[in-house]
Each structure stands twice: as C-alpha cells, then as structure tokens.
Amino acid sequence: MAGLLVSWELVARAYPELIPTPLETLRAMGAIGAQRILHAVLVTLENSITGYLVGLALALVSVSAAYTNRHAAAFFDALNTLIQSVSILVWAIVFIMIFGVVSRKAPILVVAAATYPILLSGLFGALRALDKRFALLARLLGASRYEELIHFILPGMIPYLVAASRSAIGIALRISVVAEAFGASGGVGYWLVYSYDVGFREGVFAWALILVLLMIIVDYALLRPVERWSMKWRV
Amino acid sequence: MESVITVRNLRKSYGENLVLDGVNLEVARGEVLGIVGPNGVGKSTLLRIIAGVEGYDSGYVHVRGRVGLVPQETILLPWKTLRGNALLAARISGLPREVAEARIEELADILGITGYLDMHPSQVSGGTARKAQIMMMLVLEPDILLLDEPFTGLDVNSIAALQESILKLKRKGLTMVVVSHMISELASIADRIAFLTHRPARVSRILDVRGLSRGELAAELFRGLVNDEV
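Before going into details, it helps to say that this report is about the structure given with it. What you see is a predicted model; the values in this text were computed from it and never measured.

On the side of chain A, 18 residues touch chain B, which itself brings 18 residues to the contact. Taken together, both faces of the contact between chain B and chain A bury some 1700 Å²; the carbon and sulfur share is 74%. Of all residues in chain B, the largest losses of buried area upon contact with chain A belong to Ile-75, Trp-79 and Ile-92 of chain B, amounting jointly to 42% of the total for that side. Viewed at the interface, chain A and chain B are joined by 1 salt bridge. Residues Glu-73 of chain B and Arg-133 of chain A are paired through a salt bridge, measuring 2.4 Å at the closest nitrogen-oxygen approach. Across the chain B-chain A interface, the total number found is 1 residue pair in polar contact (both at pLDDT 80 or more). Of all elements in the fold, only helix H2 (82–93) and helix H4 (126–138) of chain B reach the threshold of two or more residues within the side of chain B that touches chain A. It is H2 of chain B that contributes the most residues to the side of chain B that touches chain A, 4 residues altogether. By residue class, the composition of the side of chain B that touches chain A is 14 nonpolar, 2 polar and 2 charged.

In structure tokens, the structure reads:
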C-alpha cells in the first residue's frame, strides 16, 4: 500500500497538470463532503446489489428449469452465450433509451445483464459437478425430481454460487458505475463523470479512489467471510 | 424358509459387453448373504438391479419388501449433520419427525455413532460416515438392506466396528446382502457366501458358512481361490 502511494506521488509530481497528488485527492474528498459521498456510495451499492439480486433470481430460475427439462437447458445455454456476446455498453445505452437518464432501472438492469451470465455459468458448472452423486442418493432415498432439486442440488450449489457471486458482485460494482455515468441517478459513476465534465480533476481521482475503497471493503467485510463460511458446504 | 429375494437367469449387458450371464440367487428372510467376486465383475450392478435402480436385459428378479441400498461411495450431504442427513431421508419417505427422531436415536445406538450425530460428515472418520450412510438408509425402514463394498477404504478398527454393527442388525432379524471383495471380512458376518465367476459373471457356488470351523472355512475359501472364483 505504501509503495502504491509513493508511486502515485512520484507520477503526480512528474505530471502535475494531469494527475493530482494523494494529498490533493484527499482534500478533494473533503471538499465533496461526507454526506454527498455517503449518498453516492449508497446509490451505487443499491444499484449493484439490486442488479445482482435480479441476475441471481434469473440464474436460479434458469438453472432450476434447466435441471428439470433438457430443452430448457439447451435454451438457457444458448441465451447465456447470447447475453455474454452483447457489450455492456450496448445494454447501458439501450436501457437508458428505454427508461430515461433519471431512472434507477437502467443501471440495475445493466448490472443484472452483466451478472446473470457469470452466475449462470457458475451454476451450470456446479450442476455438472454435483449431478451424479447427489442424484444417485436422491434416487436411493426415493426422492421426487422436485425434492431432488430442493434438498440435494440447490443446496449443493451454494459454494459454487458464492464463488461466482464474489466475481459477480465485483463486476456489479464496476458495471453499475459505468451505467450511472450515462444517466443522472446520483451514484459514484454519475459524480465521477460530472467531475470530469466540470474539469474537477482532483474530484475524478477522489471518486475513483472512493470506488476502489468501496470494492476493497465489500470484498474483505462481506464476500471473503461468506466464501469461507460456504466452504463447509463443499463436498 | 421364505425367500425375500429371488433372482433367476439374470442377464445384463452394457452395449456389447455382457456383465451378468444367467445369475441365480435366493435370499431367505433374516439371512445375511455375502457376494464375493473379483473387482469389476458386476457385483454392484447385481445389487443395483435388486434395488430396482437399474434395469436388466432378461431373467427374473423378485423382491418381497422394501429395499435400502447403501452405495459403495459414501454420499452424505456435507451441509447437514449426520442427524440432519437421516432426518432428510425420513422426511422424503414421509415418516413423521417425532418417529424419525426416535428411530435415529435407536439406530445410532445400534451402529455406535450416538456421539457423532450432531457432527458434519467432514468432522467424522470414514467408518463413522459409512455407518451414518447405513443409518440414513435404515431410517427408511427397509425389509432388506443391500450393502455395496461396506469395508472398502476403512482401517482395521473401523472394519471391526462395522462388522459388529452389521451383526447387531442381523440379530434384529434384518435381511442383508453384502457385496465385497474382502472375503475374510465377509465370512465373519454372512450366513452364506455366493461366489461370482469372472466376467461374464454367474454364481459358481454358494457356500453355507454357518457351523463351519475356522479351519473348514479357510479350506472352503481356499477352494474358491484355486477355482479362480475370487
């Protein structure tokens, strides 16, 4: 961390017109104010988490359908490939065109579009890894296909889901900022672009630093502990 | 004595690979039948057919009563305790929870795993996990228990403990078919031992081990070995 700060300071001194120093960036944070930062962070978190939850719900429905019906499996496999092939930029522009710049729906749906394929791929991988062993046990116990899914397959997917969620939530935060940059929802992405538009160079770096800190905090305070907890579910 | 399992001229193949070629077996109520044979000969296939989880090409298989199959590989849900695994089995079979809990305590006592009931599978030894798997199947109250290679991968103490548990179940009158390639371990729990020949497998002879002295048993098993049955 100290090495990064020293490097940043040296680069800032070499290019003073382009890059603010760490101290100037911290001063800019102070100028922006804790209240505005907190509000923007909460908006970005809300957009990211809601979008992730929408992606998660869609992925769980898709994998449940795929488990019970092979035609559904082929359909969702193709859909996954299709969604992955569409750029996030396209999703952002299309959803802003549909819902307008002020609506929070656009960043939420962009995040959902970005996280859905990650989660679905993780769950499909889990399905391939778990299927045979747990399906055999379910059959030996006389479980119905529905009981097999609810009691054996979905719980068995939890460690895989948590691992996929760690990537998905990291991406959700980054993608949410991109989608916010196109609109006027008031998240970190919006203020970052606003700072750029008004020539507030230190502000751009301050908002970027806030985003980095937010991602580190979410990773260490939430995602890593949850992943450690989920390890006991591993076969 | 009344037969609870009857297998006649059973044939099973995978594609062009004939695995079972005219297998004949009878298992009486309350009997423990051991089945021995070389690895990969089709012992597990035979058990799965008797359990009704695998089909066959021709022949006749008749089973009187409910069957519980304990698979070769221990499969317990790692996110549930041993008690939780057994309770799930009970729930699927429609057994009321109070009845299931009492039955689990009774079975855990017979199997000697009462102290491990609230532990997760990753916290117990392979032998205890194997017994928990047997408990999971016994919660379903089967009339016949099929055990596929129950001693494989266990240390000497765990094998002895498992043999003792199987003998307790036998004394309670449970009919069991135990498949193993570990003939001496099988001989100490079985009433009769069926020898399967190399593929395509068929039963070459059935040895009644009840009342045999250790010397006679060793001689009979040796006869099986020299006849290339095991």
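Once the structure has been displayed, the description carries forward.
Our next topic: the sheet that holds strand E2 (residues 17–28) of chain B. All names here are of chain B. Taken in spatial order, the 3 strands make up an open sheet running E2-E1-E4, and their pairing is antiparallel. With one partner strand each, in any of the chains shown, E2 and strand E4 (58–63) form the two edges of the open sheet. Each strand axis lies, on average, 15° off the axis of its neighbour in the sheet, ignoring direction. Here strand E1 (residues 3–14) runs beside E4; their pairing, made up of 5 bridges, is antiparallel. Pairing of Arg-8 across the sheet is with Tyr-60, part of E4. On the sheet, helix H1 (residues 43–51) packs against E1, E2 and E4 and is oriented at approximately 125° with respect to E1.

Counting residues in hydrophobic clusters, the biggest one holds 143 residues, and the most contacted among them are Phe-152 of chain A together with Met-135 of chain B. Examining the composition of this core, we find that 18 residues originate from one element, helix H6 (residues 105–140) of chain A, more than from any other. Ignoring any residue separated from it by four or fewer positions in sequence, one finds Met-135 of chain B in contact with Leu-82, Ala-86, Ile-104, Leu-107, Ala-108, Leu-111, Ile-113 and Leu-117 of chain B.

What follows concerns the packing of helix H7 (residues 145–156) of chain A against H2 of chain B. Where H7 of chain A contacts H2 of chain B, the axes come no closer than 12 Å and their chain directions differ by 165°. Relative to H2 of chain B, H7 of chain A is oriented roughly antiparallel. Helix-helix and strand crossings are classified by hand; for H7 of chain A and H2 of chain B the assignment is right-handed. For the pair H7 of chain A and H2 of chain B, the contacting residues are Glu-147, His-151 and Phe-152 of chain A in the first and Leu-88, Arg-91 and Ile-92 of chain B in the second. Classifying every residue of the contact of H7 of chain A with H2 of chain B by side-chain character gives 3 nonpolar, 1 polar and 2 charged.

Cut-offs used in this document
- Residues numbered from 1 in each chain as written.
- Chains lettered and ligands numbered in written order.
- Predicted model: local features only at pLDDT ≥ 70, side-chain atom pairs only at ≥ 80, totals over all residues.
- Heavy atoms only, no water.
- Contact = heavy atoms within 4.5 Å.
- Buried area = accessible area lost by both parts, 1.4 Å probe.
- Salt bridge = Lys/Arg side-chain N within 4 Å of Asp/Glu carboxyl O.
- Polar contact = N/O pair within 3.5 Å; in protein donor to acceptor, adjacent residues only side chain to side chain.
- Helix = DSSP H or I, 4+ residues; strand = E, 2+ residues; numbered from the N terminus.
- Nonpolar A, V, L, I, M, F, W, Y, C, P; charged D, E, K, R; others polar.
- Pairing = 2+ DSSP bridges.
- Axes fitted to C-alpha atoms, helices over the stretch in contact; angles between N-to-C directions.
- Core = buried A, V, L, I, M, F, W, Y, C linked by side-chain atoms within 4.5 Å.
- Buried < 20%, exposed > 50% of the residue type's maximum accessible area, 1.4 Å probe, protein only.
- Parallel < 35°, antiparallel > 145°, perpendicular 65-115°, else oblique.
- Left-handed = near helix turned anticlockwise from the far one by under 90°.

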